[in-house]
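Each chain, written out:
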Amino acid sequence: MRVCLLSGGSSRRMGRDKALLPHPSGGVWLTALVDQLLPLGYPVQVLSRHREHAEVLGLRPGCSVLLEPPPWNGPLQALARVLPLPPGEALLVLPVDMPRLRTAVFLQLIAAWNRAPEQAAVAHDGMRLQPLLAVIPSGSPFRPCLDQQLQRGELRWMDWLMRVPHQSVQLPAEALLNANCSADLSALEG
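Because the structure is predicted, anything quoted here is derived from the model rather than measured.

This part takes up the environment of Met 1. Relative to the elements of secondary structure, Met 1 occurs in the segment before β1 (2-6). Given a relative accessible area of 25%, Met 1 falls into the partly exposed group. C-alpha separation for the pair Met 1 and Gly 88, spaced 87 residues apart in sequence, amounts to 9.0 Å. If we skip the residues at most four places from it in the chain, Met 1 touches Tyr 42, Pro 43, Ala 90, Leu 92, Ile 110, Trp 113 and Val 135.

Structure, rendered in C-alpha cells:
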C-alpha cells in the first residue's frame, strides 16, 4: 500500500491555499495530515502543483512530493497520475481539505478494505459518501475504467466510482469535515 495526499487544487472557494492554512494542532493542514499518515508506515506521496508544498514538507522521512504538471483537471486526473496500472497494490487517497482526519480513522478505512480487497473502500460520514477518502486497488477494473473515463473527457470522481466495485465504510462524521470555503473554518473551531 501507498498513500497519496491530494493537495493540488486552486482553493478558489477558500480564497487562499487550503494546504497552508494554520492547523489547530500546530503547523498547517498539509503538515498536520502528513504527521497523521506517517505512523501508518506506508510511503506517503503528496501530489501537488504548488512548489511551496514541497518546501513546507522539507525532507520529511517517508514523505515525498510529486509536482503535478498541467493540465490540472481536478482530483480524478490527479488519481490517474498515481494509481498503478498493474494489479497487486492499493492506494490510500485523501484530500488536504479534511483537516480533522487522524491516524485511527485511516486505520479503520484500511481495515475495512482488507476485509474486501477486491473493492475500493470509500469513506461515508453517515449521510453521504466522501469519495476522495478511499483505499483504491490497482489494476482492473479500477485503472482501465479511470483511463477510459478520462479519455472521454469525463472528470467527475463519482461517475468513475459508480463504475467500479466499492464498499462504503462509515467513519466518524466529525473526522470527515470537508472544509472548502471560509465559512467552513468556523466549524473547525467547534
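Across the 8 residues of helix α3 (residues 75-82), 6 count as buried, placing the element largely inside the fold. Along α3, the positions that sit buried rather than exposed are Leu 76, Gln 77, Ala 78, Leu 79, Ala 80 and Val 82.

The strands that make up a sheet pair up through hydrogen bonds in the backbone, lying either parallel or antiparallel. Pairing is mixed in the open sheet, where 7 strands are placed in the order β3-β2-β1-β4-β6-β5-β7. At either margin of the open sheet sits one strand with a lone partner, and together these are β3 (63-67) and β7 (166-170). Pairs of neighbouring strands in the sheet enclose a mean axial angle of 25 degrees, with direction left out of account. Of the strand pairs in this sheet, β1 and strand β2 (residues 44-48) are connected by 4 bridges, and their pairing is parallel. Along β2, the bridge assignment pairs Leu 5 with Val 46.

Enumeration over the complete set of coordinates arrives at 1 aromatic pair. Ring plane angle 85 degrees and centroid distance 5.9 Å describe the contact between Trp 157 and Trp 160, whose orientation is recorded as edge-to-face. Pair noted here: Trp 157 and Trp 160 are both in helix α6 (residues 157-161), with a separation of 3 residues, about one helical turn. Residue class for Trp 157 comes out buried when judged on its relative accessible area of 6%.

For the rest of this paragraph, the subject is helix α4 (residues 103-115). A rise of 1.5 Å per residue sets the reference length of α4, with its 13 residues, at 18 Å; its end C-alpha atoms lie 19 Å apart and thus fit the reference within 8%. Among the residues of α4, Thr 103, Val 105, Phe 106, Leu 109, Ile 110, Ala 112 and Trp 113 are the ones counted as buried. Looking at the buried side of α4, the elements it contacts are α1 (29-37), β4 (90-95), β5 (120-124), β6 (129-137) and β7.

Criteria and cut-off values
- Sequence order sets the numbering: in each chain, residues are counted from 1 along the sequence as written.
- Local features are withheld for residues below a pLDDT of 70 in this predicted model, meaning they are given only at 70 or higher, and side-chain atom pairs are given and counted only at 80 or more; totals for whole chains, interfaces and linings count all residues.
- Only hydrogens and water are set aside; all other atoms, that is, all heavy atoms of the structure, feed into the side-chain values.
- A run of H or I in DSSP counts as a helix once it spans at least four residues, and a run of E counts as a strand once it spans at least two, with each numbered from the N terminus.
- Type-normalised accessible area, obtained with a 1.4 Å probe on protein chains alone, sets the label of each residue: buried when under 20%, exposed when over 50%, and partly exposed for intermediate values.
- By the convention used here, residues are in contact when the closest approach between their heavy atoms is within 4.5 Å.
- Here, a strand pair is defined by DSSP locating no fewer than two bridges between the strands.
- Orientation is described by axes fitted as lines to C-alpha atoms, over the contacting stretch for helices, and by angles from 0 to 180 degrees between their N-to-C directions.
- Side-chain rings of Phe, Tyr and Trp, where Trp is taken by its six-membered ring, are said to pair if the distance between their centres is within 6.5 Å; with planes under 30 degrees apart they count as stacked, over 60 as edge-to-face, and otherwise as tilted.
- Helix span, as expected, comes to 1.5 Å for every residue beyond the first.

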